[in-house]
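# Summary of structural features
Residue strings, one per chain:
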Amino acid sequence: LSPEMYVVSHKLLDQYVAKLAAEAGATVLTETTVEKIALGKIIIVQTKCGENVQTHEFDVLIGADGPLSTVRKEVGIEDPKYKLGIQGFEEREDSSKRIDVWPTQTGFFWRIPRSSEVEYGIFDEVEDASKQFTQFCKEKDLKLKLQSYLIPVGITKASKGNVALVGDAIGLTKPWSGGGILWSLTCAEILVK
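Worth saying up front: this structure is predicted, and the values here are computed from it rather than measured.

### Remarks on the packing of aromatic side chains
Following the criterion strictly, the structure yields seven aromatic pairs and no others. Their ring planes at 10 degrees and their centres at 4.2 Å tell us that Phe109 and Phe136 sit as a pair that is stacked. Residue Phe109 is found in strand E7 (residues 108-113), and its partner Phe136 is found in helix H3 (residues 126-139); the two are separated by 27 residues along the sequence. Of the two residues examined, Phe109 and Phe136, each falls in the buried class. Ring geometry for Phe133 versus Phe136: centroids 5.9 Å apart, planes at 15 degrees, classification stacked. In this pair, Phe133 and Phe136 are both assigned in helix H3, three residues apart and thus about one turn of the helix distant. A relative accessible area of 2% places Phe133 in the buried class. Taken together, Trp102, Phe109, Tyr120, Phe133 and Phe136 form an aromatic cluster joined through their ring pairs. Above the face of the Trp102 ring, Lys140 is positioned so that its terminal group lies 4.8 Å from the ring centre.

### A word on the pattern of salt bridges
Oppositely charged side chains can form a pair if their charged atoms are brought close together. Applying the stated criterion across every chain yields a total of 12 salt bridges. With its nearest N and O atoms 2.3 Å apart, the salt bridge here joins Arg111 to Asp94. Pair noted here: Arg111 is in strand E7 and Asp94 is in the loop between strand E5 (82-90) and strand E6 (100-103), with a separation of 17 residues, a long-range link. Of the two residues examined, Arg111 and Asp94, each falls in the buried class. Residue Asp100 pairs with Arg111 through a salt bridge whose shortest N-O separation is 3.8 Å. Of this pair, Asp100 sits in strand E6 while Arg111 sits in strand E7; the two residues are 11 residues apart in sequence, bridging distant segments of the chain. Three or more residues joined by partner-sharing salt bridges are found here, namely Glu90, Arg92, Asp94, Arg98, Asp100 and Arg111.

Definitions and cut-offs
- Residues numbered from 1 in each chain as written.
- Predicted model: local features only at pLDDT ≥ 70, side-chain atom pairs only at ≥ 80, totals over all residues.
- Heavy atoms only, no water.
- Phe/Tyr/Trp six-rings, centres within 6.5 Å; stacked < 30°, edge-to-face > 60°.
- Helix = DSSP H or I, 4+ residues; strand = E, 2+ residues; numbered from the N terminus.
- Buried < 20%, exposed > 50% of the residue type's maximum accessible area, 1.4 Å probe, protein only.
- Lys NZ or Arg CZ within 6 Å of the ring centre and 35° of its normal.
- Salt bridge = Lys/Arg side-chain N within 4 Å of Asp/Glu carboxyl O.

Structure below.
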């Protein structure tokens, strides 16, 4: 009845994975956007960093670029369905180990203590989440710094030619919570095989 739960910093995990990729020989580009993708036996990707435009050639392209995947859009794969996740943080000491969850009609609210702050959030339909979370914060007298994300909920097509999608780009998340880290890593493992 008391399973172990881990609270992971997504930012630190991303930095760690980028470091592993660089150590394995990958070139990591930051502050760079994909502008165009031309499919063929050789895939041509045009990127832009500030005013600098570059062209890269690849045998295979893996779109691991999140729920609003540029790779998915550029190769013409349909978007998955989405829900909205809104999260906010209250600066308050709380080292308790209790996570609270309250259901909504089609999603849920949560509360997660993180030592020096407490995280609150909602995972629900795009058109309803903001209104519901505003009411929730009002009822709980919460003043939070908010951020929100579109969360894919349903898998779309996984590949086209020599392009494959993984993780949020394919819409692969936990169906009941929208969590994606373990599913994304599992998807990458399957792709490697």
